[in-house]
Amino acid sequence: MSDSTASSHGEQPPDDPSEVPGSSSAELGERVAAERVRMIYNQLPVSISGTMIGVVVLVVMLREVVPAPVLAGWFGMMLANQGWRLALYLRFRKRGIPPGGHPRWGRLWAIGAAISGVLWGAAGVRLFVPDSPAHQTIVLVLIFAVTGTGVALLAPHPPSFYVFLFPTMIPVLVRNAWEGDPVHLAVAFIVAVMTLSIIGVHRRNSAMIGESLRNRYRNMELVERLQKQNVELDRARQLAEQASRAKTRFFAAASHDLRQPLHALGLFAGALSERLHDPAVLNLVHSINSSVDALESLFNELLDMSKLDAGVIRPMHDDFAVQTVLNRLALDFEPEAAERGLRLIIRPTPECVCSAPVLLERVLRNLLMNGLRNTRRGGVLLACRRRGSRLRFEVWDSGVGIPEEQRERIFEEFYQGARPADGGRKGMGLGLSIVQRLCRLLGSEIHLASRPGRGSVFRFDLPAGPTRTGEATGRPPAETPRYDFAGVVALVIVGS
C-alpha cells in the first residue's frame with residue numbers, strides 16, 4: 001500500500017463546477033477542494049500502516065542480497081518520512097484544517113507523497129538485484145501493490161497522486177530498460193502500460209469523487225435554502241393565523257352589537273307598514289322587510305362561521321329524544337315546503353341521541369334549508385334510524401343533484417352549485433360549510449351521495465343515547481294546535 005495514499009489538494013480548481021442557487025461557482029469549488037484535503041488526511045493511518053508493512057516485507061526479503069548499510073539507510077529514510085506524516089496527521093486530528101487553510105495542508109501532504117514516491121523509485125533502482133530474477137520480482141510486485149493502492153487512497157487529491165506515481169514508476173521502467181535483454185524490456189513495457197492504466201483509473205475515480213462532492217454540497221445548499229424558506233413561510237403562516245383569529249374573535253365578540261341595528265331596522269319597517277295604507281308604499285315596505293330578513297340571515301351565517309373559526313362554540317352533550325328536535329323542525333319548515341309546493345316528510349323516531357341538541361338542530365336545519373332550496377318538484381325527507389350503537393341521520397331531496405366534480409367543493413366556503421331557476425333566494429354558500437364544521441365539532445363526518453337530476457342525500461352518524469320512558473313514543477308528533485291571533489296586539493321589548 002502506498003503512502004501516497006494520503007494526499008490532498010487544496011489548490012486544485014473544481015472540475016466543471018456548476019452554479020448552486022445561493023452560492024457562486026468559486027464558493028462551491030472551495031468547499032469541494034477543502035473536502036478533498038480532509039478526505040486524504042482521514043485516510044492517512046491506512047496509508048502509513050500499508051506503506052510500513054510493504055517496507056518491512058521488502059527489507060526482510062532482501063536482507064541477504066542487499067548490503068546492510070544500503071538497506072538500513074533506505075529503511076531509515078522511509079521511516080522518517082512516515083513519522084513526519086504521522087505527526088502531521090495527529091495535528092490534523094487535534095486542530096482540524098482552519099477555514100481557507102486547505103491549500104497549505106494539501107501542499108504538505110503532496111510533499112510527503114512525493115518523498116515517498118522518490119524512495120519507492122529508489123528501491124526499484126538501488127535495491128535491484130541483477131542476478132536474481134526472484135528478488136527483482138519481489139521488488140516489482142511490492143511497487144505495483146503500493147502504487148495500485150495509491151489509486152484508491154489518493155483519488156481525492158490528484159496532485160499528490162501524480163507526485164507519488166511518476167517518481168515511483170519511471171525509475172523502475174528505466175532500470176529494466178537499461179538491462180537491454182528481451183525479458184527486462186518486456187518488463188519495462190509492462191511497467192509503462194501499467195502506469196498509463198493506473199493514470200486512467202485514477203482520473204475516473206477522481207472525477208467521480210469531485211462530482212459526488214459537488215452534488216452533496218448542492219443538495220446541502222438546497223436543504224439550507226428550503227429550511228430558511230420553511231422558517232419564513234411558518235412565520236408568515238403564524239402571522240396570518242393570528243390575524244385570522246383576531247378577526248374571528250372580533251366578529252364573535254361583536255355579534256350582539258352588530259345584530260342590534262338589523263333588529264331595529266326590522267322593527268322600524270314593521271311599524272312603518274302598520275301606519276301606511278298606500279299599496280305602492282306598502283309593497284316598498286315589504287321589499288325592505290324581505291331585504292332585512294335576507295341580510296340578517298346572511299349576517300348570521302357569517303357570524304356562525306366566525307364563531308366556529310374562533311373556537312368559541314363548544315358542544316354541550318346530553319342525552320335527549322331526537323323527536324323533540326324533529327317536532328321543532330317540522331313546525332318551522334312545513335309552511336315553507338307548502339309554499340314551494342313540495343312535500344316535507346319527517347319520519348318519527350323513538351330514539352335518543354347523545355349529542356349537543358342546539359348544534360344538532362342547526363345541522364338538520366341547514367340541511368333541510370339546502371334541500372328545499374335545491375328542489376323544484378317532489379320533496380325532502382328527514383329520517384333517523386339506529387345502526388348498532390349509533391344513529392344515522394339522513395336528509396334526502398329530489399332536487400337538481402350535485403355533479404361528481406362538485407362534491408368536494410360543495411362544502412367549501414362561499415361555493416354555490418347550480419340551483420333550479422325557481423329555487424328562491426340564493427345564500428352565500430356557507431350553509432354546507434357550517435354543516436361540515438358542526439358535524440366535526442360533534443365528532444362526526446358529513447357524507448354526500450348524489451345523482452344529477454335525481455337528487456341528493458346527506459348523512460352523518462352520532463352516538464345513540466339511552467331511551468327514556470315517555471320522551472319518545474315512536475308515534476307521529478301530535479298535531480300542533482292552531483290559534484287565531486287576529487286582532488291581538490303583541491308588545492315586543494328588545495333589551496340591550
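Owing to the predicted nature of the structure, the values given are computational and were not obtained by experimental measurement.

Draft legend 1. Fine view of the packing of aromatic side chains. Enumeration over the complete set of coordinates arrives at 9 aromatic pairs. For the ring pair Phe161 and Tyr162, a centre distance of 5.4 Å and an interplane angle of 75° mean the geometry is edge-to-face. Assessed through its relative accessible area of 0%, Phe161 is described here as buried. Through pairs of rings, three or more aromatic residues link up here, namely Tyr41, Tyr89, Phe92, Trp105 and Trp109. We note Arg216 situated over the ring of Tyr217; from NZ or CZ to the ring centre the distance is 5.3 Å.

Draft legend 2. Expanded view of the pattern of salt bridges. Scanning all chains against the criterion turns up 16 salt bridges. With its nearest N and O atoms 3.1 Å apart, the salt bridge here joins Glu35 to Arg38. Linking Glu35 with Arg38, this pair stays in helix H1 (residues 25-42), spanning 3 residues, or about one helical turn. For Glu35, a relative accessible area of 13% puts it in the buried group. A relative accessible area of 28% means that Arg38 is categorised as partly exposed. Ionic pairing is found between Asp332 and Arg365, a salt bridge with its closest N-O pair at 2.9 Å. Here Asp332, found in helix H9 (residues 322-339), pairs with Arg365, found in helix H10 (residues 357-373); they are 33 residues apart in sequence, far enough to count as distant. With a relative accessible area of 38%, Asp332 lands in the partly exposed category. Where salt bridges share partners, they join Arg328, Asp332, Glu361 and Arg365 into one cluster.

Draft legend 3. A look at helix H6 (residues 158-179). Between its first and last C-alpha atoms H6 spans 32 Å; for 22 residues at 1.5 Å apiece the expected length is 32 Å, and the two agree. The complete set of buried residues in H6 reads Pro158, Ser160, Phe161, Phe164, Leu165, Thr168, Met169, Val172, Arg175 and Asn176. Of the residues one or two after H6, Gly180 is the one with positive phi, at around 85°.

Draft legend 4. Layout of the packing of H10 against helix H11 (residues 431-441). Running from N to C, H10 and H11 point in directions that differ by 150°, and their axes come no closer than 9 Å. The orientation of H10 relative to H11 falls into the category roughly antiparallel. Crossing hand, H10 versus H11: left-handed. Here Leu359, Arg362, Val363, Asn366, Leu367 and Asn370 of H10 come into contact with H11, specifically with Gly431, Leu432, Ile434, Val435, Leu438, Cys439 and Leu441.

Draft legend 5. Region of the structure containing the side chain of Glu361. Along the chain, the position of Glu361 falls in helix H10. For Glu361, the contacting residues outside a window of four places in its chain are Val325, Arg328 and Leu329.

Draft legend 6. Spatial organisation of the nonpolar core. If you look at the biggest cluster of nonpolar residues, it comprises 43 residues, and the most contacted ones within it are Tyr41, Leu58, Leu62, Trp74, Trp105, Trp120 and Leu127. Of all the elements in the fold, those that place two or more residues in this core are H1, helix H2 (44-62), helix H3 (68-95), helix H4 (102-126), helix H5 (133-153), H6 and helix H7 (182-275). Sequence-distant contacts of Trp105, that is, excluding residues within four places in its chain, are made with Val37, Tyr41, Leu88, Arg91, Phe92, Gly96, Ile97 and Pro98. With 40 residues, the next largest nonpolar core counts Leu364, Cys384, Phe393 and Leu438 among its residues.

About the criteria used
- Residues numbered from 1 in each chain as written.
- Predicted model: local features only at pLDDT ≥ 70, side-chain atom pairs only at ≥ 80, totals over all residues.
- Heavy atoms only, no water.
- Phe/Tyr/Trp six-rings, centres within 6.5 Å; stacked < 30°, edge-to-face > 60°.
- Buried < 20%, exposed > 50% of the residue type's maximum accessible area, 1.4 Å probe, protein only.
- Lys NZ or Arg CZ within 6 Å of the ring centre and 35° of its normal.
- Salt bridge = Lys/Arg side-chain N within 4 Å of Asp/Glu carboxyl O.
- Helix = DSSP H or I, 4+ residues; strand = E, 2+ residues; numbered from the N terminus.
- Expected span 1.5 Å × (residues − 1).
- Axes fitted to C-alpha atoms, helices over the stretch in contact; angles between N-to-C directions.
- Parallel < 35°, antiparallel > 145°, perpendicular 65-115°, else oblique.
- Left-handed = near helix turned anticlockwise from the far one by under 90°.
- Contact = heavy atoms within 4.5 Å.
- Core = buried A, V, L, I, M, F, W, Y, C linked by side-chain atoms within 4.5 Å.

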